[in-house]
Every structure is written in C-alpha cells, then in structure tokens.
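Residue-level listing of the chains:
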Amino acid sequence: MSASSIDAFVATTDPRSMAHLRTLVDDVLGLLAEAGSGRTGPVPTGGPAAARAYADDVLAEPLLPTAGGKPDDALRQLVEAYATWAVDVSHPATVARMQCPPATVAVAADLVVTALNQSMHAWEAGPFAVELERRLIADLAGLVGYGPNAGGTVTAGGSISNIMAMLIARDEAYARRFGRSAFHTGVAASGVRPVVLCTETVHFSVDRGASIAGIGSDGIIRVPADELGRMLPAEADRVLRELPADLLPVMLFVCAGSTDFGWVDPLPAIAEVARRHGVWLHADAAYGGGALFSDRLRPLFDGIAEADSVTLDLHKFGWVPASAGLFLTRDAAALDHLAAQQTSLNAADDVAEGFIGRYGSSIQATRRCDALKIAVTLRGSGRQGIGAMVEACHELSRFGAARVAREPRLELAAEPVLSTVLFRYLPERETDLDEFNSTLRRRLMRNGQAMLARVILPRPGGGKAVWLKLMLLNPATEPGQLDQVIDDVLAAGALLEAAAAS
Ligand SMILES: *Cc1c(COP(=O)(O)O)cnc(C)c1O
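The rules behind the values
Residues numbered from 1 in each chain as written. Predicted model: local features only at pLDDT ≥ 70, side-chain atom pairs only at ≥ 80, totals over all residues. Heavy atoms only, no water. Pairing = 2+ DSSP bridges. Helix = DSSP H or I, 4+ residues; strand = E, 2+ residues; numbered from the N terminus. Axes fitted to C-alpha atoms, helices over the stretch in contact; angles between N-to-C directions. Contact = heavy atoms within 4.5 Å. Phe/Tyr/Trp six-rings, centres within 6.5 Å; stacked < 30°, edge-to-face > 60°. Buried < 20%, exposed > 50% of the residue type's maximum accessible area, 1.4 Å probe, protein only. Parallel < 35°, antiparallel > 145°, perpendicular 65-115°, else oblique. Left-handed = near helix turned anticlockwise from the far one by under 90°. Nonpolar A, V, L, I, M, F, W, Y, C, P; charged D, E, K, R; others polar.

1. Considering the sheet that holds strand S4 (residues 220-222)
In any sheet, the strands associate via hydrogen bonds between backbone groups, in a parallel or an antiparallel arrangement.
Right, so step 1: Ordered in space as S2-S8-S7-S6-S5-S3-S4, the seven strands form an open sheet in which the pairing is mixed. Only two strands of the sheet have a single partner each, and these edge strands are strand S2 (151-155) and S4. Taking each pair of neighbouring strands and ignoring which way they run, the sheet shows an average axis angle of 20 degrees.
Right, so step 2: Across three bridges, strand S3 (residues 193-198) lies against S4 in parallel orientation. Pairing of Leu-197 across the sheet is with Ile-221, part of S4.

2. Considering the sheet that holds strand S9 (residues 410-412)
Right, so step 1: Taken together, the five strands give an open sheet; going across it, the order is S1-S11-S12-S10-S9, and neighbouring strands pair in mixed fashion. Each having just a single partner strand, strand S1 (94-95) and S9 make up the two edges of the open sheet.
Right, so step 2: Of the strand pairs in this sheet, strand S10 (residues 420-425) and strand S12 (residues 464-471) are connected by four bridges, and their pairing is antiparallel. Across the sheet, residue Leu-422 finds its bridge partner in S12, namely Lys-469.
Right, so step 3: Against the sheet, helix H14 (residues 371-406) engages S9 and S10, with an angle of about 20 degrees to S10.
Right, so step 4: This element, helix H15 (residues 433-446), spans S10, strand S11 (451-458) and S12 of the sheet and lies at about 30 degrees to S12.

3. Notes on the packing of aromatic side chains
Right, so step 1: Counted by the stated rule, this structure contains five aromatic pairs.
Right, so step 2: On the basis of an interplanar angle of 20 degrees and a centroid distance of 5.2 Å, the ring pair of Tyr-425 and Phe-436 is categorised as stacked. Linking Tyr-425 in strand S10 with Phe-436 in helix H15, this pair joins segments that are eleven residues apart in sequence.
Right, so step 3: Looking at Phe-436, the relative accessible area reads 9%, which means it is buried.

4. Structural notes on unusual backbone geometry
Right, so step 1: That bond from Ala-322 to Ser-323 is cis: its omega, 0 degrees, falls within 30 degrees of zero.
Right, so step 2: Structurally, Ser-323 is set in the loop between strand S7 (309-313) and strand S8 (325-329).
Right, so step 3: Positive phi, normally seen in glycine, also occurs at Asn-117, with a value near 45 degrees.
Right, so step 4: Following the sequence through the fold, Asn-117 ends up in the loop between helix H5 (104-116) and helix H6 (127-144).
Right, so step 5: For Asn-117, a relative accessible area of 62% gives the class exposed.
Right, so step 6: A positive phi angle, near 60 degrees, is found at Trp-319, a position not held by glycine.
Right, so step 7: As for its position among the elements, Trp-319 is in the loop between S7 and S8.

5. Brief notes about the packing of H5 against H14
Right, so step 1: Running from N to C, H5 and H14 cross one another at 150 degrees; their axes reach a closest spacing of 8 Å. Between H5 and H14, the angle falls in the class roughly antiparallel. Every pair of crossing elements has a handedness; the one defined by H5 and H14 is right-handed. Contacts between H5 and H14 pair Val-105, Ala-106, Ala-109, Asp-110, Val-112 and Val-113 from the former with Leu-372, Lys-373, Val-376 and Thr-377 from the latter.
Right, so step 2: Taken together, the residues of the contact of H5 with H14 sort by class into seven nonpolar, one polar and two charged.

Below is the structure:
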C-alpha cells in the first residue's frame, strides 16, 4: 500500500492505520463534546430558519468537489456541523420521537461493525457475524416465548419488519390456498383479492406494507375497536366470517403496544380467532416489545407467543442506536418464502457444507451486522437491567401524567400504559384547540426548549383532534427535569394566550 492509501482505508492489521483511526476518533469525540457544551436545550434556538442558514453557511462549498481536499479536514468540518445542529437525544426535553439515548457500549460496538464492514448475506462476508445473528435471534425469540423452531432476522426497523410480515403472510396464504407462493405467482394470478385486517390505530407502516405486498392500502379492512382503540375479537371473527369468497384474508395485524397510547390488542382472544380462520397473526411490538424485559409490564403482553410473527425494535425501548429492528417468526420455515429465490447466494452445495449466509432470511442483500451492538447491550445489561430501565420510563410517564392531571390549563388524554403522556393545553379563552396546540409545539421547538410530538387522534364523537405527546425513553431523566418540560409548556401556552389576547 502507498502511504496515502494507508491513510484512506482502515486496515486493522496495520498499526499505522489503527493509530490514524484512533486519532480521528479522539478528534471527533472532542468535537462532539464541544458542540454540546454551549447548549441549554435539546437543539439550538431559531428553528428551521436558523438550521437552514447554518447549513447554507457551513455547506457553502459543494459536497462533491471536482478535486478532493484533505479527508481528515472534511471529517472534522462535517462532524462539527452535524453535531452543532443535532438533536441531543439524551436531553430530558427530547421527548418527541422514539429515539432513545444509545448505550455507550452499543456505540463502541457500532464503530467496530463499521470498521470491520462485515455483511450478513453470505458466509464469506462475515462468518462470525452470521453465527452471532442466529444466536441473537434464538435468544430474542425466547424472550417472546417462542420455542426452538423460531426464526427471524435483524432488520432496519419496525417498518421493515412489518413489511416482511405482510410479505410472508401473503406468501403463506397463497401457498395454502393455491399450492404456490405469491412470491412466484404475484397476487393477481389467482383471481382473489388479498386483504389484511387491523384496527384504525395501527402504525402507518401497515399501509406501506400493504402497498409493497400488492395488497394495496384499499385492501386493509379496519376491524371495530373498543373505546380505547383495542381490537374487538368478536368483531374480527365476524369480519372474517362475512368476508366474500373472492377476498383472501392474509393477515390479522395486531398492536402490541400502540405508538401513541401503548395499548395492547387482546392477544389471546385474537389468536384464537386467527387460528380458527387459519389466518396469519402478526403482533407489532416495535415500541411495546421493551416491556417483555420487565416482570411488571410483561403480563400486558400475555399471549404474544401465539402470534405467528412479531416485530421488535430495540432502537426504541432497548437503548441500541438505530437501526436495531427485529422480525421474528414462530416457525423459521416461514422465512423460506424469501429463500425460495435461487441465486448463487443460496447454493445448496454450499449450504450442505455449512456455508450459510442470511440472504434467505431478509429482504436485503448487503446488510450491516446490527446484531453486534444489540448483543453487547443485552449481554451488558441483562434482562433485569433493561427491564429496570423500561420500568423507570414507565414510572416517569406516570409522574408526568399525574402532574398534567393537576394542572388546570392541561388536559390528560389517558393514563399511561407504557411510557407516553398524551395531553393538550386548554387556553382560558375559547379558541381553536388544534391550532393552539400545534403552534405551541412549534414554538417550543423554535426556542430550542423542548421537542414534543403532535398526534392526531380520533374524537369520541367523530372527527379528529390534536394532542401533544411526551415519548419517554430516557431512564436517566429525573422527575424534576420532566416537571421543567411541563413548566415550559405552561409558560409557552401562557405567552401564546397573552399574544392572542393583545
Ligand atoms: C415505531 C413503530 C414502528 C416503525 O418502526 P421504525 O423502526 O420506525 O420503522 C412500527 N410499529 C409501531 C407500533 C411503532 O411504534
């Protein structure tokens, strides 16, 4: 290697290359500390206009110049800029999206994953990575309550896991009805129309999955729910019984921890319905799955192992940096639909001699080994450690809800189930509540004070209403810090009221 290529590429067996990498890592960690030092809130002040102006300034030079400069300088410039306007996911007022503060060991593991650049799709791309993922899947399948025949894969997130579930359920349904998987025939060939059953409040990845699986979002049948949004098993049964013969039900999709309220559809009763009708049952525990680590919250998820497949997301409750999704199936053979495609990657003679890759268990080819950062986090904290963190977030949400309930200007939507607080500000004078709360949220973001989520929920009497949401995923947040967030909401609301009155 020439001197310049030693600088350019990581060679773990070359001490000079490793020394260079160590220097760069040291430098960038210094930059991260500096970028965070002047901050008081989760983001700098000024909102989108300030972020845009900053980017216009620091990114004035093209990102793809004709001739490159010094790679180390490019790294420092861009890292400094990136960190300056990054949301601080460890800040107690960062409570909008499902971004957990990542475990330190997971971040270090992610550097290793990147430096060694293994891939999951073939044995020759990462022999240990392949073994690690297989074992991780087995252990997490055990957490769900699946037996030794379970299978699955690490995915790029809950959306991808839900899409995989939809594809596999579709292929299973077609194979059962017509003797040939829709993987080959497509959905139109058989003259039936595939449909999926779920409630109104499922994650939006269901629509996307239906579209990708050839079902179409018009092929989603919404099963009536109780007043909290949970699927009514008797209604699911009725819809399936009354389904016209030219509609093929491929999946019952249930929420195991809904994105907003954290509700769990009644799993055992719905599993019974799914079994009776021979329909694939998928449980979306992307957010709620973290509760499986907690002895206290786990009973909410009783019956989850009766689902044919489960989505988990350890980049939400799990403290692993994204992406750390999982798609698990009770029976590993279900994934064979994906492996049906003959390529040089699945060659039978290689597989017979143990040269297995994970191509056939995924919808990706080249795929990072996200299993490493997940495995170090889980082994480092254990089930009790993660469970305690989940419970800390749950406690925090109860504390926040109690505070909201005491405030005359705030209205609580419901008692927390997992780790969310849904509420809205009620101005003294009559005004458009949706607009008021939407403006309030943007004001807090613009001021760099707090990142809250806005959700739009069905109104009991029909129509929809805007609510604010605190998504609590930081077990290190103190109750007093959450009080401060609520104080800031109240203060911003009072200022908005005053401005409207003047
Ligand atoms: C977050 C979430 C998803 C999507 O997961 P991503 O990792 O963001 O793709 C799916 N379902 C539920 C219930 C979720 O909360």
